[in-house]
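Observations on the model geometry
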Amino acid sequence: MNARFDAESIDLEDLREMLDERCGPIVEGDIVGRTRLRDEVARHLACSVLEAERVVDTMVGRGFLRRAAVPDGRV
């Protein structure tokens, strides 16, 4: 049986809490941090990295994850 990934059924708040537990409240680095979040989502949901990237994009777009720059320019 081939299970299809259903992004609409994901509880984004629960997923944010899981990321907070595994990665901490702050993940530094625009690229490295985002990659770490994507990889954790892929592992947790047992989905492809492309699907996980879309979930992370959705979480950022809906405010579950925030990007912030510090004074020295790091994100």
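Look up: the structure comes first, before these words.
The following paragraphs examine the structure supplied in this document.

Conventions adopted
- Residues numbered from 1 in each chain as written.
- Predicted model: local features only at pLDDT ≥ 70, side-chain atom pairs only at ≥ 80, totals over all residues.
- Heavy atoms only, no water.
- Helix = DSSP H or I, 4+ residues; strand = E, 2+ residues; numbered from the N terminus.
- Expected span 1.5 Å × (residues − 1).
- Buried < 20%, exposed > 50% of the residue type's maximum accessible area, 1.4 Å probe, protein only.
- Contact = heavy atoms within 4.5 Å.
- Salt bridge = Lys/Arg side-chain N within 4 Å of Asp/Glu carboxyl O.
- Arc of directions from axis to C-beta.

1. A look at helix 2 (residues 30–45)
With 16 residues, helix 2 should reach 22 Å at 1.5 Å per residue; the first-to-last C-alpha distance of 22 Å fits that figure. Among the residues making up helix 2, those that are buried are Gly33, Leu37, Arg38, Glu40, Val41 and Ala42. Against helix 1 (12–23) and helix 3 (49–61) lie the buried residues of helix 2. A positive backbone phi angle near 55° is found at alanine 46, which sits one or two residues after helix 2.

2. As for the environment of valine 60
Turning to its location among the elements, valine 60 is positioned in helix 3. Its relative accessible area of 27% is what places valine 60 among the partly exposed residues. In this view, valine 60 contacts Arg34, Leu65 and Arg67; residues no more than four positions away in its chain are not counted.

3. Quick notes on the pattern of salt bridges
Tallied over the entire structure, the rule returns seven salt bridges. Note that arginine 34 is salt-bridged to aspartate 57, the shortest N-O span being 2.0 Å. You can see arginine 34 sitting in helix 2 and its partner aspartate 57 sitting in helix 3, a full 23 residues away along the chain. Close ionic contact of arginine 38 with aspartate 39 constitutes a salt bridge, the shortest N to O distance being 2.9 Å. The class for aspartate 39 is partly exposed, based on a relative accessible area of 25%. Salt bridges sharing partners connect three or more residues here, namely Arg34, Arg38, Asp39, Glu53 and Asp57.

4. Remarks on helix 3
Helix length check: helix 3 (13 residues) gives 18 Å between terminal C-alpha atoms against 18 Å at 1.5 Å per residue, within 8%. Within helix 3, burial applies to Ala52, Val55, Val56 and Met59. Each buried residue of helix 3 lies within a common arc of 100° when the element is viewed along its axis, so the set occupies one face. Seen from the open side of helix 3, the exposed residues pointing more than 90 degrees away from its buried face are Leu50, Arg54 and Gly61. Buried residues belonging to helix 3 abut helix 1 and helix 2. With its phi angle positive at about 85°, glycine 63 sits one or two positions after the end of helix 3.

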